[in-house]
Structures are given as structure tokens and as C-alpha cells.
Amino acid sequence: MPEIAEVARIVHFLRLHLVGKKIASASATDDSNVFGKVGTTGTAVEASLKGKQVVSAGNQGKYFWITLDKPPHLVMHFGMTGWVHIKGEQTAYTNYYKKMKDSELQQWPPKFWKFQIKTHGKPEVEVAFTDARRFGRVRLVDCPGADIRKHSPLKENGPDPVIDTDRFTKEYLCSKMRARHVPVKALLLDQAMISGIGNWVADETLYQAKLHPEQYSDSFSDEEVQRLYECIRYVCQTAVDKLGDSDQFPEHWLFNYRWGKGGKGSTRKLPNGEKLAFITVGGRTSCYAPGVQKKTGQVVPGAKAGLINDESDEEKLPAKKNRKQKIETNGVDGSEPSAKRKKTNRFRKEEQDVKPGLDRSSGRRRSTRRRN
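Please read all numbers here as calculations on a predicted model, not as lab measurements.

Engineer: An account of helix 2 (residues 42-49) is requested, with residue identities and associated values reported.
Structural biologist: Turning to helix 2, its buried residues number three or more, namely Gly42, Val45, Glu46, Ser48 and Leu49. The arc that holds the buried residues of helix 2, viewed along the axis, is 165°, so those residues lie on one side. For helix 2, the exposed residues set more than 90 degrees away from the buried face come down to Thr43 and Ala47. Those residues of helix 2 hidden inside the fold are in contact with strand 1 (23-28), strand 3 (63-68), strand 4 (73-77), strand 6 (113-119) and strand 8 (137-141). Phi turns positive, to about 80°, at Gly51, one or two residues after helix 2.

Engineer: Go over the sheet that holds strand 5 (residues 82-86), please, and point to the residues and values.
Structural biologist: Read from one edge to the other, the open sheet built from four strands follows the order 1-6-7-5, with strand pairing classed as antiparallel. What marks the edges here is a single partner per strand, and that holds for strand 1 and strand 5. In this sheet, neighbouring strand axes are inclined to one another by 15° on average, regardless of whether the strands run parallel or antiparallel. Pairing between strand 6 and strand 7 (residues 126-131): five bridges, direction antiparallel. In the sheet register, Ile117 faces strand 7, and the bridge partner there is Val127. Across the sheet, helix 1 (residues 4-17) touches strand 5 and strand 7, and the angle it forms with strand 5 is around 25°. Sheet strands touched by helix 2: strand 1 and strand 6. Its angle to strand 1, the strand with the most contacts, is close to 175°.

Criteria and cut-off values
Residues numbered from 1 in each chain as written. Predicted model: local features only at pLDDT ≥ 70, side-chain atom pairs only at ≥ 80, totals over all residues. Heavy atoms only, no water. Buried < 20%, exposed > 50% of the residue type's maximum accessible area, 1.4 Å probe, protein only. Helix = DSSP H or I, 4+ residues; strand = E, 2+ residues; numbered from the N terminus. Arc of directions from axis to C-beta. Contact = heavy atoms within 4.5 Å. Pairing = 2+ DSSP bridges. Axes fitted to C-alpha atoms, helices over the stretch in contact; angles between N-to-C directions.

What follows is the structure in C-alpha cells.
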């Protein structure tokens, strides 16, 4: 799922190529998820865009928008697989385009498009919003452009740690942590508290701050809260400065080594020798370094950790072994797969068919998007 840095990347391209342009034509599909679940339609989006001039583009956490010379304005959320493409520009990452076939690279509008626009003048600009899995949202907000953050859904979201430095302070974070008795990882993911932090940003922040992901938010010392605040600012600002391009992330970041869970030939350790582990509580998974992120207060009861698989840790991963056994014995007589297995294979085939739409970034970000 795109987080604060990926959204900032798209806004960068919108400001560079679309802001100041007048929209000559617009078209949208009649998608009851992307448009309908936020109270609009493809037809209404088309009408709001045609003939309008794009005045500005902005972002707050995982939301972004374009304001027009007349309301209503477009406010968007990528969901899990949404992305914005600009014809002739690589708005995603180099590795993403390397994995595409020539026919896919030349196709316009791109696969899974939900709305597309074309501008007047030279150079002509063509923009398309795509979403393979349809968890993204595109809505119309009827208000003055300057007041867009005072209206739903933006007003219900917490401060952006990069944009709202006047609101997102150490005192703000401390008050939110002291007021709630939840795992700190859960608090970081709560968009009503802080805008833009998703799974990998939260894990990176906690690793840099040397804090255990499942320790309760109200059990940290003032010094630990200060450390967490500084690391939130550092990780988010750095990722945004790099426009979400993980090839430019610092070498010591957890991000560069976190994607090997259970994978063949996966990295088992950080460069400093620390082993990585995954912990699951309440259905949420966190990657962390147990040797660095020590418990200093109350932790969620029943938290279970599993080290990333390597030869010396096989006995510590019974769950993975059980999954393998389940697959091998899924057939009734050991040779013919059950209906459940057939359904799984069919689902995998469907996933392969839509793979180009699942990854709006490079190969490494594809892992990011699937796990967040």
C-alpha cells in the first residue's frame, strides 16, 4: 500500500506536469467501489473535470488531491494498488517498467484505469488513475480549494509528520501515547493520530528508535517518546525527500532487509549481524530486530515471534512447516488435489493476470505494496 513517500512522489509529478493546465477532455469508468463507496460516480467525476483548470496539487499522509478553478475538487486515496500514470513519464520506479512487456509500456490508457484526462495546449498532458484491486477511492469535495483540508475526509486525519511540523510535535505525540493503552505499532498505523504511516514506515521508525513494536504506547519513558518522535520525523522526511525511491534509502535501514520472510535465499541478518524476526498480534505483522528493540514496559499478552527462516532456525518455525504439510496432504489420496487446492491454484492464476496493476513501483516496492 502506498504510504507517505509514495503519495508525495505522485504529487511531485502532478505539480510538475498537470498544475496550471486546462483539461480538454475527461472520461471515467462506472466503478461502484472506487467512486461509489465515497458517494460519487464516474459520470460526476467526468463532469467536474471537463473544461476546468488545475490550480494546485497537495497531499496529507496517504491522501492527495488536485484543486480546480471551480469546485468540486478531486481528493484521492490509492488503497492497496492505486497509482497515477502520466503518459511518457515514469511516475513509478525503473524496475517496475523493466518488468513490463513492450505492449504494456505502449498501452494507453493503462490497464485498470478508472479515470483519465487530457489537457489543452502544447505539450499535451495525459493522466490516468489506475487501480487493479479497486480499494482506492476518488471523491469530489465541494468547498473552496484553500479549505480542502478543513473538510472530510482530510479533517478526520491526524497531522502529516512532514508537512504539519507545527502540529506534529513531541508534545502532541506524547499526549496521544499517554492517552491510549494500545501497542505502539497500532498507534502509529492509526491515521486519526498520524497521517501517512503504514506498515513499513512504522517498522522502520520503531527499529531506528530501538522500541519494541508490541509494547503498550503508555508504557514508554519520556526519553523513549522523544526518540520515537525524532525517528518518525527522520524516516518520513528522508523517504519523502527521496520521493519514495528505496534504491536511495540509507543502507542501514531495515527496509532493505525486511522482505525475506520465509523466502528462499532470503537475508537472515542485518549488516550489523542482528537477526530479524516477525511478530504477530491481533492479525498484524511487524518486522523487527529482537536484539535491538528490547521490551522496556508492558507488552501485548500472547505475542508470538518467529525468526526469519534459515537453516539454524527451522525448529523455530513450526507454523511454516505445518503449512507445507497441509499443502502436501491436501489431496484425498495423495495424488489428486482437493477442490480447495484447485480453487487456490485458480486464485493464483487470477493474481498473475492482474500482476501489472498490483505493483506501481519497483520489484522491491512490489513487496512493500503487498505487505502493507
